[in-house]
Amino acid sequence: MVVALGLAGNAAGTALVATHADRIGRRRSLVLASALAATGLALVAVATRPVLLGLAALVGMVNGMGRDRGPAQTVDQSLLAGLVPAGGRTAAFTRYAFTQDVLGALGSLGAGLPAVLATRFNVGPVVAYRWTLLGAAAVSLVPVVLYARVREAVPSVPPLAGAVRLGTESRRRVAGLVRLFALDSLGGGFLAGSILSYWFFRRYGLDGAALGSVFFAARGLNAVSYFAAAALARRLGLIRTMVVTHLPSSLVLIVLPFVATPWLAIALFLLRESLVQMDVPARQSYVAAVTAPGERTFALGVTSLARNLGWAVGPGLAGAAMGLVGLGAPLFGGAALKIVYDLALYASYRHVRPPEEVPRAARAE
């Protein structure tokens, strides 16, 4: 429930930037979102009651997914899409996602810090975790300083009678994507990093230090895979790239609960991680491509909001499924939802192509 509350806070923050960031200023939105995230981590570190822990996770948008899913990402993407030409947009989003996951991989090694503090400095386990989380909060203050130096290369959109407006075609496209992304993220909530860590711990007895190394390798594979996705997108197109890389990763999840040995389970998990995030830069680029520049912050924000809501609901359902059905229930449930998403996405959007994929003759017509 604490993980779900943190993701609900992310959803609320994303909703706010989707509707207000272009008017109050993207830089100001980025600074505020980053400051709240750092504050939330610090409060989680010192909270002693479950109610306070949940409140800190909600207000501070504490993210249990293991990678950035917050409002700052929405504003980042809106700025980035306006700074590059259409032909270079997917490559720019690839570099953006790569940087996130490389640093996220390094952050995953922090899972081993409590054990190091406990053994080398002879502190209790609770104190060791508390200092680790306070260290994460300190690191989270760095973006506040960096964002404060950002110049808004894309000018703010003037207020439109207090509401964000989408064109008819953009509204139809975004509404469909919102429904599909919500389904995908619900499956992703079943498979949150915290849920998978717990599954490995209960199924194979892997401790925090071992899991830190596993997730470090997973994030590294995520990062490297983005460049393969960019190359595929140039050949297959964005939608096909999203589906042909994402669908096999879900099939691997269905096999995972039947594996008896931890080393084979880790190998299959890493195989899944080498595929599962390849759709990320393609998806981000696609949303930016099929909406007009003045609509992008809202479109990226509302699709991200749908994903955050799904992630917020998923962990609670995964925990209940573990208790009622069995330890492997979240893996089966998450995989099934993601397979339905992939098939529906391809069926619905395979003919909706971004400008750079449309031949010049067709565009001229």
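Note that this is a predicted model, so its numbers are computed, not measured.

Visitor: I would appreciate a short explanation of the pattern of salt bridges in the present structure.
Guide: Between side chains of opposite charge, a pair can form when the charged atoms approach closely. Counting across every chain of the model gives five salt bridges. With its nearest N and O atoms 3.1 Å apart, the salt bridge here joins D279 to R283. Here the residue D279 and the residue R283 both occupy positions in helix α14 (residues 279–289), the gap between them amounting to four residues, near one helical turn. Looking at D279, the relative accessible area reads 2%, which means it is buried. Given the relative accessible area of 7%, R283 is considered buried. Beyond isolated ion pairs, a larger network of salt bridges with shared partners links D184, R307 and K338.

Visitor: Whenever I open this one, empty space enclosed by the protein confuses me. Can you help?
Guide: Left-over empty space is what a probe sized like a water molecule reveals as it rolls over the atoms. For the coordinates displayed, the defined rule picks out two cavities of 30 Å³ or more. Elements represented by at least two residues in the lining of the second largest cavity include exactly α4 (71–81), α14 and α15 (296–324). The dominant element in the lining of the second largest cavity, judged by the number of residues it contributes, is α15, at five residues. Taken together, the residues of the lining of the second largest cavity sort by class into five nonpolar, six polar and three charged.

Visitor: I tried to follow the packing of helix α5 (residues 89–108) against helix α11 (residues 208–236) on my own but got confused; where do I start?
Guide: Helix-helix packing is characterised by the crossing angle of the two axes and by the distance between the axes. Relative to each other, α5 and α11 sit at 170°, their axes nearing to 8 Å. Here α5 is positioned roughly antiparallel relative to α11, judged by the angle of their axes. The segment α5 lies against α11, with T90, T94, A97, F98, D101, V102, G104, A105, L106 and S108 engaging G212, F215, F216, R219, G220, N222, A223, V224, Y226, F227, A230 and A233. Partitioning the contact of α5 with α11 into residue classes produces 13 nonpolar, seven polar and two charged.

Visitor: Can you help me understand a nonpolar patch on the surface in this one?
Guide: A contiguous nonpolar patch, built from L5, L32, L36, L55, L58 and V59 and spanning about 480 Å² of accessible area, is present on the exposed surface. Ranked by the residues each element gives to the nonpolar patch, the list is headed by helix α3 (residues 50–59), at three residues. Tracing the chain through its elements places L32 in helix α2 (residues 26–46). Looking at L32, the relative accessible area reads 52%, which means it is exposed.

The rules behind these values
- Residues numbered from 1 in each chain as written.
- Predicted model: local features only at pLDDT ≥ 70, side-chain atom pairs only at ≥ 80, totals over all residues.
- Heavy atoms only, no water.
- Salt bridge = Lys/Arg side-chain N within 4 Å of Asp/Glu carboxyl O.
- Helix = DSSP H or I, 4+ residues; strand = E, 2+ residues; numbered from the N terminus.
- Buried < 20%, exposed > 50% of the residue type's maximum accessible area, 1.4 Å probe, protein only.
- 1 Å grid on protein atoms, 1.4 Å probe; cavity = no way out; pocket = protein on both sides within 12 Å on 5 of 7 lines; lining within 4 Å.
- Points joined across faces, edges and corners; volume = space filled by probe spheres on them.
- Nonpolar A, V, L, I, M, F, W, Y, C, P; charged D, E, K, R; others polar.
- Axes fitted to C-alpha atoms, helices over the stretch in contact; angles between N-to-C directions.
- Parallel < 35°, antiparallel > 145°, perpendicular 65-115°, else oblique.
- Contact = heavy atoms within 4.5 Å.
- Patch = residues over 30% accessible without salt bridge, like charges linked within 9 Å, V, L, I, M, F, W, Y side chains within 5 Å.
- Areas by Shrake-Rupley, 256 points an atom, 1.4 Å probe, with all protein chains shown as cover.

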